[in-house]
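# Observations on chain architecture
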Amino acid sequence: MRPIEKWKETVRDRVYDLAFKPDGSQIIMAAGQRVLVCDAKDGTIIQPLKGHSDTVYCVAYARDGKRFASGSADKSIIIWTSKLEGILRYTHNDAIQCVAYNPITHQLASCSSGDFGLWSPEQKSVNKTKVSSRITCCGWTNDGQYLALGMMNGVVSIRNKNGEEKVKIERPGGSLSPIWSIAWNPSRDEHDTLAVADWGQKLSFYQLSGKQVLKERTLNYDPCCISYFSKGEYIVMGGSDKQVSLYTKDGVRLGTIGEHKAWVWTCQVKPNSNYVVCGCQDGTIYCYQLNFTTVHGLYKDLYAYRDNMTNVIVQDLITEQNLRIKCHELVKKIAIYRNRLAIQLPEKINICTDDLSTMEYRITDKICKKFECNLLVVCSQHVILCQEKRLQCLSFAGVKEKEWVMESMIRYIKVIGGPPCKEGLLVGLKNGAILKIFIDNPFPITLLKLSLSVRCLDMSASRKKLAVVDERNTLLVYDIKSKELLFQEPNANSVAWNTQCEDMLCFSGNGYLNIKASNFPVHQQKMQGFMVGYNGSKIFCLHVYSMSAVEVPQSAPMYQYLEKKMFKEAYQIACLGVTDSDWRDLATEALEGLDFETAKKERKKRGENDNELFLADVYAFQGKFREAAKLYKRAGHESKALSMYTDLRMFEYAKEFVGATDPQSSKLLITKQADWAKCSKEPRAAAEMYLSAGEHAKAIDIIGEHGWADMLIDIARKLDKAEREPLAKCAMHFKKLRHHGYASETYSKMGDLKALVQLHVDTRHWEEAFLLVEKHPQFKYDVFVPYAQWLAENDRFEEAQKAFHKAGRQNEAVKVLEQLTHNAVVENRFNDAGYYYWMLSMQCLDIARENTEQRKEMLEKFESFQHLAELYYVYSSIQRYTDEPFSSHMPETIFSLCRFLLNNLTKDVLPGISKVNTLFALAKESCKLGAYKLARYSYEKLQELHIPSHLVESIELGSLMIHSKPFHDSEDFIEDMMCYRCSTNNPLLNSQGSVCINCRQPFIYSASSYEVLPLVQFYLGEGIGDEEALSLIDLEVPHKEDCKARSPNVGSSADLEALRIDDGLVNTDDDPFSAKMSFEQGGSTFVPVKVSRSVLRSMSRRDVLIKRWPKPLKWEYFRSLLPDVSITMCPSCFKMFHSEDYEILLLQHSCCPYCRRPIDEPN
């Protein structure tokens, strides 16, 4: 750890507290009576903030960076914005000691000598809680759930967000150990660890539960401030020792960051960085950058490095096995050699040994002395310390055995091996000298003398060559014996010889890894970091703080040797790690170069030790194929002989070699011949050969690719139905070739009904699919869903809806209908919209009947859709009247339609329905029919609405004309809206809807003219079911004279319910139903007509109409009160019509005008 002072700033007042803006760009400081805002880069004061009248003790920044707070001895808290504007001030009863923002909710905790308060932006008031002792410091947990308060009486009180105390921690010293600073570890792995620094000169750690953890540390000074690094790995502290010190998260002191002339009152770590800022009693502010150097050691594939300053991790770079050694002190140096590991700590050096080479190091020796050294290396029985020009050799007992003093500074040192106690050291000096030292020899040996300083060096495995990197990043390679420069390369920062190959080295520089073999050109590849070791095919690279082993294929240098016919050297390279094809190339090249020894080595490397097999390969290369085949057979490798003949397309020789004794080999031979025929573009011959060899799948693929359907169906018919895989391939090819019949035949033979159904669906053969579904209903879903989707894609939406319904996909059916309805409304096809809404309502009724969980929701939708269907059905006639030049309706009909629509329109505006058109049509027809009062009302209402431009002139003219007419309606309209229950005359427009203003009895309208029908709905008494009610009504037997007087029923369909009542059939004075309908004037609620069994017996079946709704709806009963009126009800939609109107509409449309049910369709 090396601290660098980045800047220093002095203010005239004591700096009590400071805080960083969360993005690290600014620092706010409490200095005197001001809050100073500084630039974090250079300490420049951006702006002093004045708002307090006394010394400012504390500052804190919110985690979101939008506001910060300051607390002062003037008992006030000021909230400032990030734009440096004060926005709020509130006060306590005593001087403010500390403030802290909740990291999650941004709630501010402010603490004084006698209480603490909690404030949040959404609160108007501050919730304050009194405490028994002066609060000196506070801090929130990482999740913002708890607040810790440090007090003068040695107590840490942990409270929730409401200020309630949950945990109380009492330090042993009590009031003699006042808590002066606390901090929560920000790391999530530490589970809310609280660091507590008190003036009993102790540093202790506690969990959220109040349990003390880790070891308590003695400080030897009074701590004034404590702060964690952003990841929680280190702690920074300052106080009466006038220093800022660095500690581990466990409280182990690592060193001094900076020494000052006055007490350090505050220190903070810049977020997500290694910068530390501190403020002193004399008004000076310092900023330091901490550089954490890499402390590590490498020996072959074992790498040891420092972790978190106090731990050592030993890593096997090949197996990636790790071992962590906890030292609990600052690790200063590390050295590793064979099974020895040396760790230098501040006061000692630990020697660890791995006796069994199992990565289980244990401390075997300790040198309990304090050493100051630049470099450290370890040997089998000695430790070598390097201090500038001096090298000292110590035994593991700490005895100095030898010492060497160099003529210049030592820049590089490395152990190059040797017998125990006689190891050799390679030493590079600043003046360019390179020495070899044996630890049992007091005299160094000079190997080379360069003109530039040595940066890195290494010696080859045979000790014959030396590679050096100088301070100009030039790699120089020398022959040690002759001192001759063999070659040099630029752009190198480190170098290492391959420990297993004499002539190979690698070096790194400028982001590239360079591999050089002998005098061949360098092979380059990109790499991050720099190279530190080369072992076999593994190169060890250090990038920042992590070491990794990079697997480097040795193919490039091997082929460089092969080009020069240097087979032995190529073999050595190949042994380091190349691919199988590289090995084969090596063997071939060696054979061609007559280096049989290398070729044999290559074969042995692959596990081939048979000389006859080797000789057979030689005969094969020489073209002596028959002799090679005999040797292959003798060696037990008949397959190699067969492969040789087939590779050469010598199938006749192959057949002769196999003979007729081995059917398996014969089959294999035919297959290979078929493969050759296929490659030779003779597909028909190949297919026939595959068939003869029993390779049906390959034959089918060839035949299918070429579209030979006749040949394919012959194969499919000959195959057994148990051979499903080739049959499935045949069917697949038939589908591709669009031979639906053949594919169907094949699937039928397989018995694969699901695939057959899918075939019919994919090829759009719907009739065949429907026939299959009739026999196998389990495939209903697989057929009708794609059928419905196909219909929808072809714009046949109504059929698609029915298909979804058949498939049981009610939700999709509803979606299609909803889309149809929406389109009809958008396109102003209101008659279709009414019809689709009616279909939607019936769809909802089906779902309600089948699904009890959705019944309530679906029934509500049923009622809503029924209502909307009628409104759009009515408006379609009004829209045609206003938009088209001619109308097929009588004025009275348009008049009734408009009144019905206006009576039933709710406050919600329905899409497409124009109130302007409706009122305009009503005004025009009212004028024609003499309803001048209603016309005047309509024109007045139109003035309140936005009128389209094409109607403005007509409406303004009509508004003027109506003033020339009487102020009342014609008397002809008085009886038009009479209630048939209570005989009350109703107004032409009723704000209460289509009900009587007196008795609230709903009106029943004709679905053609929308005149009120003389029908009254009645309900069955308790305990009377529908079947019983029907039987009671049917008891009445008509008289013969009545039958003669009665006109024939309307329509020829037996399904139509029609009634015709003759004059004088029932005497109303004696009719119990009339008595049931008696009603007092002015009732405020609707009282339905309920009938008993005796009343039902008195009724005639000819007088009653019944809407026989399917379950879960109940039947609805209506009785006609005027015998002259003939009424017909549609058995599908249950709409009522005047019989004559219904007859005419049926002749016009051949169906019901409302639900579009054809005349000849059975009910």
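The structure displayed is predicted, hence computed values, not measured ones.

This part takes up the overall build of the protein chain. Within the protein chain, the secondary structure is distributed over 30 helices and 62 strands. Across the 1163 residues in the protein chain, those meeting the buried criterion constitute 51%. The long-range share in the protein chain, meaning contacts at least 24 apart out of those at least 6 apart in sequence, stands at 44%. Only carbon and sulfur atoms are counted for the fraction: they give 48% of the accessible area of the protein chain, which is about 56,300 Å².

Two numbers describe how helix α21 (residues 855–883) lies on helix α23 (residues 915–929): the axes approach to 10 Å, and their chain directions differ by 75°. Here α23 runs roughly perpendicular to α21, going by the angle between their axes. Packed against α21, whose contacting residues are Tyr875, Ile878, Tyr881, Thr882 and Asp883, the element α23 presents Asn917, Thr918, Ala921, Lys924, Glu925 and Lys928 at the interface. Here the contact of α21 with α23 is built from residues that sort into four nonpolar, three polar and four charged.

Read from one edge to the other, the open sheet built from four strands follows the order β14-β15-β16-β17, with strand pairing classed as antiparallel. The two strands at the open ends of the sheet, each matched to only one other strand, are β14 (135–140) and β17 (165–170). Direction aside, the axes of adjacent strands within the sheet are offset by 20° on average. Pairing of strand β16 (residues 155–160) with β17, which is carried by five bridges, proceeds in the antiparallel orientation. In the sheet register, Ser157 faces β17, and the bridge partner there is Lys168.

Looking now at the nonpolar core. Grouped together as the largest cluster of nonpolar side chains are 86 residues, with contacts concentrated most on Trp838, Tyr872, Val874, Ile878, Met1136 and Cys1152. With 13 residues, the single largest contributor to this core is helix α20 (residues 830–850). Grouped together as the second largest cluster of nonpolar side chains are 32 residues, Cys379, Leu394, Phe396 and Ala433 included.

With that settled, consider the layout of surface pockets. Volume-wise, the second largest pocket comes out at about 1,600 Å³. If you trace the second largest pocket, you find 50 residues lining it, with Cys138, Ile182, Ile226, Ser227 and Gln268 closest to the centre. Residue assignment for the lining of the second largest pocket shows that the elements contributing at least two residues are β2 (15–20), β6 (56–61), β10 (96–101), β14, β18 (179–184), β22 (223–228) and β26 (264–269). When its residues are assigned to classes, the lining of the second largest pocket shows 34 nonpolar, twelve polar and four charged.

Moving on: the packing of aromatic side chains. The full count for this structure, using the stated rule, is 31 aromatic pairs. Between Tyr835 and Trp838, the ring centres sit 6.5 Å apart and the planes meet at 20°, which makes this aromatic pair stacked. You can see Tyr835 and its partner Trp838 sitting in helix α20, three residues apart, about one turn around the helix. Of the two residues, Tyr835 and Trp838, neither departs from the other in class, the shared state being buried. One aromatic cluster is present, formed by Tyr16, Tyr57, Trp180, Trp199, Trp263 and Trp265 through successive ring pairs. Looking at Lys516, its charged tip hangs above the ring of Phe487, at a distance of 4.6 Å from the centre. Of note, Arg936 hangs over the ring of Phe967, and the distance from its end group to the ring centre comes to 3.9 Å.

Right, let's get into helix α26 (residues 1026–1034). Within α26 the residues assigned to the buried category are Ala1029, Leu1030, Leu1032 and Ile1033. Angular distribution of buried residues about the axis of α26 spans 165°; they occupy a single face of the element. Buried residues along α26 sit against β56 (1015–1020), α29 (1093–1098), β59 (1104–1107) and β60 (1116–1120).

What follows deals with the sheet that holds strand β25 (residues 253–259). With antiparallel pairing, the four strands of this open sheet are ordered in space as β22-β23-β24-β25. Whereas interior strands pair on both sides, the edge strands pair on one side only; in this sheet they are β22 and β25. For this sheet, the mean angle separating the axes of adjacent strands, direction not counted, is 25°. With five bridges joining them, strand β24 (residues 243–248) and β25 adopt antiparallel strand pairing.

Attention now moves to the pairing of β22. Extensive coverage of β22 is indicated by the burial of six of its six residues. Bridging between β22 and strand β23 (residues 234–239) involves five bridges; their strand directions are antiparallel. Residue pairing in the sheet places Ser227 in a bridge with Val236 of β23. Counting the residues between successive antiparallel strands, the hairpin from β22 to β23 contains five residues, one of them, Gly232, with a positive phi of roughly 80°.

A few words now on the packing of α23 against helix α24 (residues 932–943). Where α23 meets α24, the closest approach of the two axes is 8 Å, and the angle between their N-to-C directions is 155°. When the axis of α23 is compared with that of α24, the two are roughly antiparallel. Considering the relative orientation of α23 and α24, their crossing is left-handed. Seen from α23, the contacting residues are Val916, Leu919, Phe920, Leu922, Ala923, Ser926 and Cys927; seen from α24, they are Tyr932, Leu934, Ala935, Ser938, Tyr939, Lys941 and Leu942. Here the contact of α23 with α24 is built from residues that sort into eleven nonpolar, two polar and one charged.

Under the local residue numbering, the UniProt record ascribes the feature "domain: IFT122 zinc ribbon" (unreviewed entry) to residues 978–1016. End C-alpha atoms of residues 978–1016 are separated by 12 Å, and the span's content is 0% helix alongside 5% strand.

Tracing the backbone shows Asp582 in helix α3 (residues 580–592). Looking at Asp582, its side chain comes within polar contact range of the side chain of Tyr559, at 2.7 Å. Other than its neighbours up to four places away in sequence, Asp582 contacts Ser555, Met558 and Tyr559.

So, about the pairing of strand β19 (residues 194–198). The buried fraction of β19 amounts to five of the five residues, a majority that puts the element mostly inside the structure. The alternating pattern of β19 places Leu194, Val196 and Asp198 on one face and Ala195 and Ala197 on the opposite face, and all of these are buried. The sheet contact formed by β19 and strand β20 (residues 202–206) spans five bridges and is antiparallel. Within the sheet, the bridge partner assigned to Asp198 lies in β20 and is Lys202. Taking the residues that link successive antiparallel strands as the turn, the β19-β20 hairpin has three residues, and the phi of Gln201 there is positive, at about 65°.

Moving on to the environment of Lys933. As for its position among the elements, Lys933 is in helix α24. Considered as a pair, Lys933 and His968 are 35 residues apart in the sequence and their alpha carbons are 4.8 Å apart.

What follows concerns the pattern of salt bridges. For the structure shown, the criterion picks out 26 salt bridges. A salt bridge links Asp13 to Arg12, with the nearest nitrogen and oxygen atoms 3.8 Å apart. A salt bridge links Asp198 to Arg171; the shortest N-O distance between them is 2.8 Å. Taken together, the residues Asp198 in strand β19 and Arg171 in the loop between β17 and β18 connect sequence positions 27 residues apart. Of the two residues, Asp198 and Arg171, both sit in the buried class. Several salt bridges share partner residues, and in doing so they unite Glu827, Arg829, Asp832 and Arg1156 into one network.

Rules of the game
- Residues numbered from 1 in each chain as written.
- Predicted model: local features only at pLDDT ≥ 70, side-chain atom pairs only at ≥ 80, totals over all residues.
- Heavy atoms only, no water.
- Helix = DSSP H or I, 4+ residues; strand = E, 2+ residues; numbered from the N terminus.
- Buried < 20%, exposed > 50% of the residue type's maximum accessible area, 1.4 Å probe, protein only.
- Contact = heavy atoms within 4.5 Å.
- Areas by Shrake-Rupley, 256 points an atom, 1.4 Å probe, with all protein chains shown as cover.
- Axes fitted to C-alpha atoms, helices over the stretch in contact; angles between N-to-C directions.
- Parallel < 35°, antiparallel > 145°, perpendicular 65-115°, else oblique.
- Nonpolar A, V, L, I, M, F, W, Y, C, P; charged D, E, K, R; others polar.
- Pairing = 2+ DSSP bridges.
- Core = buried A, V, L, I, M, F, W, Y, C linked by side-chain atoms within 4.5 Å.
- 1 Å grid on protein atoms, 1.4 Å probe; cavity = no way out; pocket = protein on both sides within 12 Å on 5 of 7 lines; lining within 4 Å.
- Points joined across faces, edges and corners; volume = space filled by probe spheres on them.
- Phe/Tyr/Trp six-rings, centres within 6.5 Å; stacked < 30°, edge-to-face > 60°.
- Lys NZ or Arg CZ within 6 Å of the ring centre and 35° of its normal.
- Arc of directions from axis to C-beta.
- Left-handed = near helix turned anticlockwise from the far one by under 90°.
- UniProt positions renumbered as here; feature names shortened; annotations may be inferred.
- Polar contact = N/O pair within 3.5 Å; in protein donor to acceptor, adjacent residues only side chain to side chain.
- Salt bridge = Lys/Arg side-chain N within 4 Å of Asp/Glu carboxyl O.

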